[in-house]
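Coordinate analysis (summary)
The lines below spell out each chain.
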Amino acid sequence: MALHDLLALGAAACWAVGSVMSVMPSRHLGAFAFTRWRMAMVALMLWAVVAVQGSWHSFDGHAWGIMAVSGLIGIFIGDTALFSAINRLGPRRAGVLFATHAAFSAVLGFVLLDERMSLQALVGGLLTLAGVMLAILLGRHKGETHAWEADRGHVGLGVALALLAALCQAVGSLIAKPVMAQQVDPIMASAVRVTVATVAHAVLLLAGFQAARASQPPTLRVLAQTGLNGFIAMGIGMTLVLLALEKGDVGMVAILSSVSPILVLPLLWLQLKRAPAPGAWLGAVLTVVGTALILWR
C-alpha cells in the first residue's frame with residue numbers, strides 16, 4: 001500500500017463531503033457565483049499558508065505557467081461545469097457522470113505519459129469504476145421526491161456539463177503531473193491554480209457576463225458554508241491530489257479519487273433519512289473489492 005494511494009483516497013473523502021455541502025449554497029448563488037466566492041476564499045487561505053512557509057522561493061517561472069494552465073482548465077472550467085451540472089441533476093447523477101474522469105485520466109496517461117498498469121491494478125480499476133457507476137445509477141429509491149433528486153433545467157445540458165467537468169479534471173491533472181513529479185510545494189501549486197481560476201471568474205463578472213452574477217444575494221450563512229466547502233474540498237482535497245501526483249500515475253490517482261460518489265452514499269443517507277437502494281450496496285461492494293486490489297497490488 002503506497003502513500004500516494006492513501007492520499008488519493010483522502011482527496012475522495014474531501015470531495016464527497018464537499019459535493020454534499022455544495023448543493024444548497026450553489027443553488028442559492030448560482031454555479032458561477034458560488035465557484036467564484038469559493039475560489040477567492042480558498043486562495044486567501046492557501047496564500048496565507050504560503051506566506052508563512054515562504055515556499056514561493058522554490059517555484060520557478062515554468063511551474064507558474066504550467067500550474068496556471070492546469071488551474072484554468074481543471075478548476076475554472078471544470079469546477080464551474082461540475083456545479084452547473086449538480087444544480088441541474090443533483091449530486092447523485094452528476095457524480096456518476098463526473099466519475100468518468102478516472103477513465104479519461106487513465107487513457108490520457110497511457111497515451112501521453114506512457115503509464116502502464118499491472119493486470120491486478122487494471123482489474124481493480126475496472127471494478128472500482130464499475131462499482132462507483134453502479135452504486136449511483138441504482139442508488140435512488142423509486143418515488144424519491146427530495147429536492148436533491150429533482151431536475152432543474154435541461155437534463156441533456158446537465159449531462160454534457162458533467163462530462164465536460166470530468167474531461168477538464170483529467171486534463172488539469174495531466175498538465176500538473178510533470179511539475180508535481182519534481183516535488184514542488186503542493187500548497188504553493190494549489191494556490192497558483194486557484195488564484196488563476198479566481199481571476200478568470202472575476203474577469204467574467206467585470207465583463208458583464210450575465211451568468212456570472214449571483215442568483216440571490218449572499219448571506220452570512222451561505223458564505224460560511226461556501227468557505228467551509230472550499231477549505232475541505234479544494235484547500236485539503238486538491239492539495240492531497242497534487243501530493244499523490246508526485247509519485248502516483250495520473251490514471252491510478254484518478255481511479256482512487258473517483259470513489260468519492262461511494263462515500264457520498266452514507267452522507268446522503270444521513271441527509272435523506274433513508275438507506276441507499278440495494279443497487280447502491282452492490283456497487284459499494286464492487287468498489288471496495290476493486291480498491292483493495294489496487295492498494296495491495
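Everything below is about the structure shown above.
Here we summarise the structure given alongside this text. (Residues numbered from 1 in each chain as written. Predicted model: local features only at pLDDT ≥ 70, side-chain atom pairs only at ≥ 80, totals over all residues. Heavy atoms only, no water.)

Some thoughts on the packing of aromatic side chains
The test is simple: Geometry of aromatic contacts follows a simple scheme: Phe, Tyr and Trp rings, the Trp one being its six-membered ring, pair when their centres are within 6.5 Å, and the pair is stacked under 30 degrees between planes, edge-to-face over 60, tilted otherwise. To qualify as a helix, a DSSP run of H or I must reach at least 4 residues; to qualify as a strand, a run of E must reach at least 2; elements of each kind are numbered from the N terminus. Throughout, exposure labels follow a simple rule: accessible area from a 1.4 Å probe, protein chains only, divided by the maximum for the residue type, with under 20% read as buried, over 50% as exposed, and the rest as partly exposed.
Applying the stated rule across the entire model yields 4 aromatic pairs. Seen in terms of ring centroids, F32 and F209 are 5.5 Å apart; in terms of plane orientation they differ by 70 degrees. Their pairing is edge-to-face. In this pair, F32 is assigned in helix α2 (residues 31-53) and F209 in the loop between α8 (186-206) and α9 (220-247), connecting sequence segments 177 residues apart. F32 gets classed as buried once you look at its relative accessible area, which sits at 18%. You can call F209 partly exposed: its relative accessible area is 38%. Taken together, a centroid distance of 6.2 Å and an interplanar angle of 20 degrees make the contact between W47 and W64 stacked. On the criterion of sequence distance, the pair formed by W47 in helix α2 and W64 in helix α3 (residues 61-89) is long-range, its members being 17 residues apart.

Some points on the packing of α3 against α8
This is how it is decided: Whenever a helix is involved, its axis is fitted only over the stretch in contact; in every case the axis is a line through C-alpha atoms, and angles between N-to-C directions fall within 0 to 180 degrees. What sets the label is the angle itself: under 35 degrees gives roughly parallel, over 145 gives roughly antiparallel, 65 to 115 gives roughly perpendicular, and the rest give oblique. We call a crossing left-handed when the near helix sits turned anticlockwise from the far one by less than a right angle, and right-handed when that turn is clockwise. By definition, residues are in contact when any of their heavy atoms lie within 4.5 Å.
Running from N to C, α3 and α8 point in directions that differ by 55 degrees, and their axes come no closer than 7 Å. Overall, the two elements α3 and α8 adopt an arrangement that is oblique. Seen from above, α3 lies across α8 with right-handed handedness. Of the residues in α8, those in contact with W64, M67, A68, S70, G71, L72, G74, I75, F76 and T80 of α3 are M188, A189, V192, R193, V194, V196, A197, A200, H201 and L204.

Considerations on helix α1 (residues 3-29)
Basically, it comes down to this: Each residue after the first adds 1.5 Å to the expected span of a helix. What is called the bend at a residue is the angle between a pair of axes, fitted to the seven residues leading up to and ending at it and to the seven starting from it.
In this model α1 runs 37 Å from its N-terminal to its C-terminal C-alpha over 27 residues, within 8% of the 39 Å that 1.5 Å per residue would give. Along α1, the largest kink reaches about 45 degrees and is centred on S22; proline P25 follows within four residues of it. Most of α1 is tucked away: 19 of the 27 residues are buried. Looking at the residues trailing α1, positive phi occurs at G30, about 95 degrees.

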